[in-house]
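# Survey of secondary and tertiary structure
Spelled out, the chains give:
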Amino acid sequence: MRHLLSIEGMSAGDMREILDATPAVKRGRGTAGPRPLEGQTWAMIFAKASTRTRVSFEVGLHELGGRPLFLNAGDIQLGRGEPVKDTARVLGRMVHGTIIRTYGQQEVEEFAEYSRIPTINALTDAEHPCQILTDIFTIEERAGAIAGKVVTFVGDGACNVPISWIFAAAKLDFELRIAAPAAYQPDRELLQRAGGRVLVTDDINAAADGADVLYTDVWVSMGREAEAAHRLQELTGYQINNALVKRAKPGALVMHCLPAYRGKEIAEDTFEAHAKTIFDQAENRLHTQKAILNWLVS
Ligand code: CP
Ligand code: NVA
């Protein structure tokens, strides 16, 4: 039984298998391709908002022959306190797979254990594995193999997206630099656990020098809204803008997992100048996640 719960828990071989299968999935879209999910229903339990992840999974499941069953976590008994392990055992007897967006990583792990059906992490506070697989696919599509490249993440370096980047760096042999103020840097223990070439610094300019990719994410992740004012103040300056892009390698990719807050983590003109890359990245969620679904049921 395969699951996709975290980049931390994936092998480099499994990541490569999904990444290497994605180009054919993308090229084959709209043709009468294989429908490995024919007759299947996949639950999508979302406890947080979503545009890209929800739409790309609903469309992807449909294109592979399956039926998505979207469940707002607040509308099912889970939202009234029914345990994850009971919800998992019920759904495991009715549907063929589950895609979950929630807060605690433990909830997704527990769901996988008790449901005994393929389970996908569609974002937790700890990781966003589908996003990072898509981002690596997008980099390789535009600039060739990720191995040996320098990826610089700017902003809140302790949230789910940079954490998934950290675990990917050692597995796929690229250099990751994280530019964030001290209070927004990833945990030391986590960095040690991940290994790999990861530089963490509060010097945004040094982190950007010669980078192949400049990447950012929101300063206020879902669930952190109460800290918004404080975060906007403390993260000021950790922004991708034209001055920072000049420090990176000529032709460097500027990426954003979206949604974007202009004037905060990225300047408006920089965002628009790199919109082609950023919206390719958004579109690629669909193709990569179809490759993930194929891999889970293969
Ligand atoms: N990047 C991403 O996961 O977007 P959504 O929150 O819209 O799904
Ligand atoms: N770090 C962000 C990612 C959004 C796709 C969040 O958790 O809100």
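In what follows, the accompanying structure is described. As the structure is a computational prediction, the values presented were derived from the model and not from experiment. (Residues numbered from 1 in each chain as written. Chains lettered and ligands numbered in written order. Predicted model: local features only at pLDDT ≥ 70, side-chain atom pairs only at ≥ 80, totals over all residues. Heavy atoms only, no water.)

### Examining the site of ligand 1
Inspection of the region around ligand 1 gives Ser50, Thr51, Arg52, Thr53, Arg101, His128, Gln131, Cys257, Leu258 and Arg285 as its neighbouring residues. The backbone of cysteine 257 places a nitrogen or oxygen atom 2.9 Å from a nitrogen atom of ligand 1. Surface burial for ligand 1 is 95%, taken as the share of its 260 Å² of free accessible area covered by protein chains. Its residues assigned to classes, the shell around ligand 1 comprises two nonpolar, five polar and three charged. (Near = heavy atom within 4 Å. Polar contact = N/O pair within 3.5 Å; in protein donor to acceptor, adjacent residues only side chain to side chain. Areas by Shrake-Rupley, 256 points an atom, 1.4 Å probe, with all protein chains shown as cover. Nonpolar A, V, L, I, M, F, W, Y, C, P; charged D, E, K, R; others polar.)

### Comments concerning the sheet that holds strand β5 (residues 150-154)
The strand order across the open sheet formed by five strands is β7-β6-β5-β8-β9, and the pairing between neighbours is parallel. Looking at the sheet topology across the chains shown, the edges are occupied by β7 (198-201) and β9 (253-256). Across the sheet, the mean angle separating the axes of adjacent strands is 20° when strand polarity is ignored. Summarising the sheet, β5 and strand β8 (residues 213-216) pair through four bridges and their orientation is parallel. Considered in β8, the bridge of valine 154 is made with threonine 216. Each of β5, β8 and β9 is contacted by helix α5 (residues 129-143), which is oriented at about 160° to β9, the strand it contacts most. Its contacts with the sheet put helix α12 (residues 275-297) on β8 and β9, and the angle it makes with β9 is roughly 50°. (Pairing = 2+ DSSP bridges. Helix = DSSP H or I, 4+ residues; strand = E, 2+ residues; numbered from the N terminus. Axes fitted to C-alpha atoms, helices over the stretch in contact; angles between N-to-C directions. Contact = heavy atoms within 4.5 Å.)

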